[in-house]
Amino acid sequence: MTPTSPLPPWPSTPPAHGGVTLRRAREDDLAMVRDLATDDYVPTIGTLPAHADDAEALAWIDRQHQRYVEGTGFSFVIAEAETDAAVGQCGLWLSELESGRATAGYSIAPAARGRGFAGDALTALTAFGWTVPGLFRIALYIEPWNTGSIRTAERAGYAREGLLRSHQEIAGVRRDMLLYAAVRT
């Protein structure tokens with residue numbers, strides 16, 4: 001998006017797999033963002049306020065654009081391939097790119113769950129990750145209770161590597177996290 005970003009160029013062809021395409025967030029994604037903000041968990045793990053109003057949701061969209069500009073990583077809206085309707089968000093976070101590592105995350109808006117969008121998005125995001133020069137490992141951190149996310153990771157080819165006890169604070173509580181990873185062949 002900007003020549004000052006230390007990251008590789010934004011993909012000229014949007015990453016896609018199955019029923020989804022990954023693209024930049026737009027103002028017309030507001031309804032999806034507001035739906036995502038109704039989830040009890042999503043606001044505890046990112047910058048989207050719980051029950052965001054229009055102004056807060058638009059500010060979140062702007063923050064997603066800034067992730068690339070600042071060199072943090074690539075933040076994508078997950079869009080249904082047939083309609084281009086936003087159904088969620090995913091990101092490839094590259095703060096450890098110099099060491100060949102990245103982390104990924106994904107969230108599907110409550111109204112769009114149960115249709116395989118998360119697995120397709122993670123598969124597309126991972127394939128895109130392997131186009132980033134020097135990237136050889138993508139990690140996911142998943143709370144042990146989150147069986148849907150565990151299934152998504154495994155379907156996308158990620159392998160469980162272990163349990164990280166008291167790894168991360170979420171909503172003021174130290175949480176155990178399962179470590180899943182994909183490694184470039």
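Rules used in this analysis
- Residues numbered from 1 in each chain as written.
- Predicted model: local features only at pLDDT ≥ 70, side-chain atom pairs only at ≥ 80, totals over all residues.
- Heavy atoms only, no water.
- Helix = DSSP H or I, 4+ residues; strand = E, 2+ residues; numbered from the N terminus.
- Expected span 1.5 Å × (residues − 1).
- Buried < 20%, exposed > 50% of the residue type's maximum accessible area, 1.4 Å probe, protein only.
- Arc of directions from axis to C-beta.
- Contact = heavy atoms within 4.5 Å.
- Pairing = 2+ DSSP bridges.
- Axes fitted to C-alpha atoms, helices over the stretch in contact; angles between N-to-C directions.
- Right-handed = clockwise from strand over helix to strand, strands pointing away.
- Salt bridge = Lys/Arg side-chain N within 4 Å of Asp/Glu carboxyl O.
- Lys, Arg positive; Asp, Glu negative; His and termini not counted.
- Core = buried A, V, L, I, M, F, W, Y, C linked by side-chain atoms within 4.5 Å.

(A) Structural context of helix H2 (residues 54–69). Taking 1.5 Å of rise per residue, the 16 residues of H2 would be expected to cover 22 Å, and the 23 Å separating its terminal C-alpha atoms lies within 8% of that figure. Ala 57, Trp 60, Ile 61, Gln 64, Arg 67 and Tyr 68 are the residues of H2 that are buried. Here the buried residues of H2 occupy an arc of 105° about the axis, which is enough to place them on one side. Looking at the packing, one finds that the buried side of H2 touches helix H1 (30–36), strand E3 (73–80) and strand E4 (86–93).

(B) Broad picture of the environment of Asn 146. Assignment of secondary structure puts Asn 146 in the loop between strand E6 (137–142) and helix H4 (147–155). Residues Asn 146 and Ala 31, spaced 115 residues apart in sequence, show a C-alpha to C-alpha distance of 25 Å.

(C) Spatial organisation of the sheet that holds strand E8 (residues 173–183). What the eight strands build is an open sheet, ordered E1-E2-E3-E4-E5-E6-E8-E7; its pairing is mixed. At either margin of the open sheet sits one strand with a lone partner, and together these are strand E1 (16–17) and strand E7 (159–170). Pairing of strand E5 (residues 101–108) with E6, which is carried by three bridges, proceeds in the parallel orientation. Bridging from a neighbouring strand, Arg 101 pairs with Arg 137 of E6. Helix-sheet contacts for H2 involve E3 and E4, and the interaxial angle to E3 is about 130°.

(D) Broad picture of the pairing of E6. Following the chain from E5 across helix H3 (residues 117–129) to the adjacent parallel E6, one finds a crossover that is right-handed. Judged from the six bridges that link them, E6 and E8 form a sheet pairing that is antiparallel. Counterpart to Ala 139 in the pairing with E8 is Ala 181.

(E) Examining the pattern of salt bridges more closely. Scanning the model with the defined rule gives nine salt bridges in all. Note that Arg 34 and Asp 54 form a salt bridge whose closest N and O atoms lie 2.9 Å from each other. Remark: Asp 54 occurs in helix H2 and Arg 34 occurs in helix H1; sequence separation between them is 20 residues. Residue Arg 34 is classed as partly exposed on the basis of its relative accessible area, which comes to 36%. Counted as one network, the salt bridges with shared partners bring together Arg 23, Arg 26, Asp 28, Asp 29 and Asp 84.

(F) Seen up close, the side chain of Asp 120. Position of Asp 120 among the secondary structure elements: in helix H3. Buried within the structure, Asp 120 lacks any salt-bridge partner; Arg 155 is the closest side chain of opposite charge, at an N-O distance of 9.2 Å. Apart from residues no more than four positions distant in its own chain, Asp 120 is found in contact with His 17, Gly 18, Gly 19 and Val 20.

(G) Expanded view of the nonpolar core. In terms of nonpolar packing, the biggest core is built from 37 residues, with Leu 92, Leu 140 and Tyr 158 touching the most fellow members. Taken together, the elements giving at least two residues each to this core come down to strand E2 (20–23), E3, E4, E5, H3, E6, H4 and E8. The element that contributes the greatest number of residues to this core is H3, accounting for seven residues. Setting aside residues up to four positions removed in sequence, Tyr 158 forms contacts with Leu 122, Thr 126, Ile 138, Leu 140, Ala 153, Tyr 180, Ala 181 and Ala 182. Residues Leu 48, Ala 52, Val 77 and Ala 86 belong to the second largest nonpolar core, which totals 15 residues.

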